[in-house]
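# Fold and geometry: a report
Spelled out from the first residue to the last, the chains are:
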Amino acid sequence: MIEQRRREPAPEQVDPAIEALVQDIIGQVADRWTMLILEALHAGGTLRYTQLRKAVTGISQKMLTQTVRHMERDGLVHRTVHPVIPPHVDYTLTPLGESLGAAFCGVWIWAETHYGEIMRARAAFAQR
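Residues numbered from 1 in each chain as written. Predicted model: local features only at pLDDT ≥ 70, side-chain atom pairs only at ≥ 80, totals over all residues. Heavy atoms only, no water.

### A short note on the overall build of the chain
Within the chain, the secondary structure is distributed over seven helices and three strands. Listed by position from the N terminus, the elements making up the chain come as α-α-α-β-α-α-β-β-α-α. The globule rule puts the C-alpha radius of gyration for 128 residues at 14 Å, and the 18 Å found for the chain is more than 25% above it. Counting only C-alpha atoms, the chain reaches 55 × 45 × 20 Å along its principal axes. Taking all 128 residues of the chain together, 21% fall into the buried category. Contacts spanning at least 24 positions in sequence make up 46% of the contacts within the chain whose residues lie at least 6 apart. Carbon and sulfur atoms provide 60% of the accessible area of the chain, an area that totals close to 9800 Å². For the chain, the centre of its 14 positive side-chain charges and the centre of its 14 negative side-chain charges are spaced 10 Å apart. (Helix = DSSP H or I, 4+ residues; strand = E, 2+ residues; numbered from the N terminus. Rg over C-alpha atoms; globule rule 2.2 N^0.38 Å. Buried < 20%, exposed > 50% of the residue type's maximum accessible area, 1.4 Å probe, protein only. Contact = heavy atoms within 4.5 Å. Areas by Shrake-Rupley, 256 points an atom, 1.4 Å probe, with all protein chains shown as cover. Lys, Arg positive; Asp, Glu negative; His and termini not counted. Charge placed at Lys NZ, Arg CZ, Asp CG, Glu CD.)

### Observations concerning the sheet that holds strand β1 (residues 47-48)
Ordered in space as β1-β3-β2, the three strands form an open sheet in which the pairing is antiparallel. Two strands lie at the open edges of the sheet, namely β1 and β2 (77-82), each paired on one side alone. Inspection of the sheet shows β2 paired to strand β3 (residues 88-93) by six bridges, in the antiparallel sense. The residue of β3 that forms the bridge with threonine 80 is aspartate 90. (Pairing = 2+ DSSP bridges.)

### Considering a nonpolar patch on the surface
Together, Ile18, Val22 and Ile26 make up a nonpolar patch on the protein surface, roughly 260 Å² of accessible area in all. As for its placement among the helices and strands, isoleucine 18 is situated in helix α2 (residues 16-29). On the basis of relative accessibility, which here comes to 48%, the residue isoleucine 18 falls in the partly exposed class. (Patch = residues over 30% accessible without salt bridge, like charges linked within 9 Å, V, L, I, M, F, W, Y side chains within 5 Å. Salt bridge = Lys/Arg side-chain N within 4 Å of Asp/Glu carboxyl O.)

### Quick look at the pairing of β3
The two faces of the sheet receive side chains in turn, since in a regular strand these alternate between them. When you tally the buried positions in β3, you get five out of six residues, the bulk of the element. Taken together, the two bridges between β1 and β3 define a ladder with antiparallel strand orientation. Bridging across to β3, arginine 48 finds its partner in aspartate 90. The hairpin formed by β2 and β3 contains five residues between the paired strands.

### Focus on unusual backbone geometry
For the bond running from isoleucine 85 to proline 86, omega is -5°, close enough to zero to count as cis. Relative to the assigned elements, proline 86 resides in the loop between β2 and β3.

### Brief notes about the environment of glutamine 127
Along the chain, glutamine 127 falls in helix α7 (residues 115-127). Overall, the relative accessible area of 70% leaves glutamine 127 in the exposed class. Separated by 20 residues in the primary sequence, glutamine 127 and valine 107 have C-alpha atoms spaced 27 Å apart.

Okay, structure coming up:
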């Protein structure tokens, strides 16, 4: 369905609510932590908080907590709290989160495909 919609001409009028949502989602997903958490959960499946923190190198506890809360709010992540002592919390991508991860997989493939061109362009720019 998405591929078919991409081939269609852009609508003449854009729904302001959709435009605001797109800008909000891009703002969040463009955040490196969201992308890295998406990748870690896609690769690892269900992860405990500590496993997720180890998988996302360099993220602080505060930033991880904030980011997964935003992802949960947007329906990208499902959080399961197990009532044990100490608390045991698991995170899993929802189908919506999986679909977003698949969409951004295209960015990875694009970067991998054009790596040489990008590096040559950067080197040429640095020499100017």
